[in-house]
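Each chain, letter by letter, is given below.
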Amino acid sequence: MNPSRQRGLGKAAAGGDDPWKECLEVAVQLALQAGQIIRKALTEEKQVSTKTSAVDLVTETDHLVENLIVSALKEKFPSHRFIAEEATAAGSKCILSDSPTWIIDPVDGTCNFVHRFPTVAVSIGFAVKQELEFGVIYHCIEERLYTGRRGQGSYCNGKRLQVSKVTDITKALILTEIGPKRDPDTLKVFLSNMERLLKAQAHGVRVIGSATLALCHLASGAADAYYQFGLHCWDLAAATVIIREAGGVVIDTSGGPLDLMSCRVIAAGTQEMASFIAQEIQTIHYGRDDEN
């Protein structure tokens, strides 16, 4: 890792009293390796298949990167548990226990990746006793390394992150994602939610195709809130730590505490903004990760 990327760890990897320091350092190295693979694959032809719907895409690169990360982590930390997107799609149970658990999205923004749209990330979260300890997200194209460690702040390439403190919807830029369901009823609610926020005079609503990077934009203060139905724990785990350590809030769309397995989320720079969005939007039901 070059010096600027090493500094990207910030305080999150500093201090000999951190029991998970080595895990974080390994996660960073693997995210950077995965990013190299993804950048190279962007220029190549891709074999594309689908999972839950015609727009829920997967490529051989998703599998390659996931195998790289999981194999390396299993060798280094054989007693740890794993939740990984493609393994779950293949039938592995998505269970968050008290054991040290890695939560991995090998290519977030697969549709972007397939179309060579340059918003693609690797996301690695880590939880112990069902408490999120750290997150690593690597923007493969822009080579931005986001890290967050519980109680120690969050950083992007060495710069401390800070959410915006906007509380007024009329001054807010809101990010969201569409989700894999495209049936008429789901689309009606999705569009209605956007309309409600626009009628409330939000500055704008954006969809960038990568939940993890949208959440990183929120952590950096470039956006003021994010909501989504239909994302998964691997989209959310790493980003939740990064946002919270940047001073933001991550909650359920009901307005209550975040449930990592619920496939829904609101994140914002302030509690006021998060609560306002929770009151405005309607629920789209996607089930739970731990029920599949």
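Residues numbered from 1 in each chain as written. Predicted model: local features only at pLDDT ≥ 70, side-chain atom pairs only at ≥ 80, totals over all residues. Heavy atoms only, no water.

Where an unreviewed UniProt entry is consulted, the protein chain appears under the name Inositol-1-monophosphatase, with the organism given as Naja naja. The Cofactor (unreviewed entry) field of the UniProt record for the protein chain holds the comment "Mg(2+)". Regarding the protein chain, the relevant UniProt record gives this comment under Pathway (unreviewed entry): "Polyol metabolism; myo-inositol biosynthesis; myo-inositol from D-glucose 6-phosphate: step 2/2." (UniProt positions renumbered as here; feature names shortened; annotations may be inferred.)

Caption draft 1: Layout of the overall build of the protein chain. Looking only at helices and strands, one finds nine helices and 14 strands in the protein chain. Scaling as 2.2 N^0.38, a compact globule of 292 residues should have a C-alpha radius of gyration of about 19 Å, and the protein chain matches this with 18 Å. When the backbone C-alpha atoms are referred to their principal axes, the protein chain occupies close to 50 × 40 × 35 Å. When the accessible surface of the protein chain is totalled, it reaches about 12,500 Å², and 49% of it is carbon and sulfur. Positive and negative side-chain charges in the protein chain, numbering 30 and 35 respectively, have mean positions lying 4 Å apart. (Helix = DSSP H or I, 4+ residues; strand = E, 2+ residues; numbered from the N terminus. Rg over C-alpha atoms; globule rule 2.2 N^0.38 Å. Areas by Shrake-Rupley, 256 points an atom, 1.4 Å probe, with all protein chains shown as cover. Lys, Arg positive; Asp, Glu negative; His and termini not counted. Charge placed at Lys NZ, Arg CZ, Asp CG, Glu CD.)

Caption draft 2: Main features of the packing of aromatic side chains. This structure, assessed with the given rule, holds five aromatic pairs. With centroids separated by 5.8 Å and ring planes inclined at 25°, the aromatic side chains of phenylalanine 77 and tryptophan 102 adopt a geometry described as stacked. Linking phenylalanine 77 in the loop between α3 (60–76) and β3 (81–84) with tryptophan 102 in strand β4 (residues 101–108), this pair joins segments that are 25 residues apart in sequence. The buried category is assigned to phenylalanine 77, whose relative accessible area is 9%. (Phe/Tyr/Trp six-rings, centres within 6.5 Å; stacked < 30°, edge-to-face > 60°. Buried < 20%, exposed > 50% of the residue type's maximum accessible area, 1.4 Å probe, protein only.)

Caption draft 3: View of the environment of alanine 267. Position of alanine 267 among the secondary structure elements: in strand β14 (residues 264–268). Judged by its relative accessible area of 0%, alanine 267 falls in the buried class. Between the C-alpha atoms of alanine 267 and tyrosine 227, which are 40 residues apart in sequence, the distance is 6.3 Å.

Caption draft 4: How the structure looks around the UniProt feature "binding site: Mg(2+)" (unreviewed entry) in the protein chain. In this structure's numbering, the residues bearing the UniProt feature "binding site: Mg(2+)" (unreviewed entry) are Glu85, Asp105, Asp108 and Asp235. Of the residues just listed, which span 151 residues, no C-alpha pair is farther apart than 9.7 Å, and they cluster in one region. Looking at aspartate 108, the relative accessible area reads 5%, which means it is buried. With residues near it in sequence (within four places) discarded, aspartate 108 still touches Thr119, Val120, Ala121, Ser210, Ala211, Thr212, Leu213 and Asp235. Polar contacts involving the side chain of aspartate 108 include one to the main-chain amide nitrogen of alanine 211, which spans 3.2 Å. Take aspartate 235: it is sitting in helix α8 (residues 233–245). (Contact = heavy atoms within 4.5 Å. Polar contact = N/O pair within 3.5 Å; in protein donor to acceptor, adjacent residues only side chain to side chain.)

Caption draft 5: Region of interest: the sheet that holds strand β7 (residues 144–149). On the basis of which strands lie adjacent, the open sheet formed by seven strands has the order β3-β4-β5-β6-β7-β8-β9 and mixed pairing. One side of each edge strand has no neighbouring strand; the edge strands of this open sheet are β3 and β9 (159–160). Sheet topology note: the strand β5 (residues 121–128)/strand β6 (residues 131–139) ladder contains eight bridges and is antiparallel. For alanine 127, the partnering residue across the bridge sits in β6 and is leucine 132. With respect to the sheet, helix α7 (residues 211–220) is in contact with β4, β5, β6 and β7, its orientation differing from that of β6 by roughly 100°. The strands that α8 touches are β3, β4, β5, β6, β7, β8 (154–156) and β9; relative to β6, the one it contacts most, it runs at about 100°. (Pairing = 2+ DSSP bridges. Axes fitted to C-alpha atoms, helices over the stretch in contact; angles between N-to-C directions.)

Caption draft 6: Looking closely at α8. Here α8 spans 18 Å end to end across 13 residues, near enough to the 18 Å set by a 1.5 Å rise per residue. The sharpest bend along α8 measures roughly 30° and falls at alanine 239. The buried count for α8 comes to twelve of 13 residues, which makes it a mostly enclosed element. Looking at α8, one finds that the buried residues are Cys233, Trp234, Asp235, Leu236, Ala237, Ala238, Ala239, Thr240, Val241, Ile242, Ile243 and Glu245. Glycine 247 sits one or two residues past α8 and shows a positive phi near 100°. (Expected span 1.5 Å × (residues − 1). Bend = angle between axes of the 7 residues up to and from the residue.)

Caption draft 7: Quick look at the environment of histidine 217. With respect to the helices and strands, the residue histidine 217 is situated in helix α7. Discounting residues that sit within four places of it in the chain, histidine 217 has contacts with Leu175, Ile208, Ala222 and Ala223.

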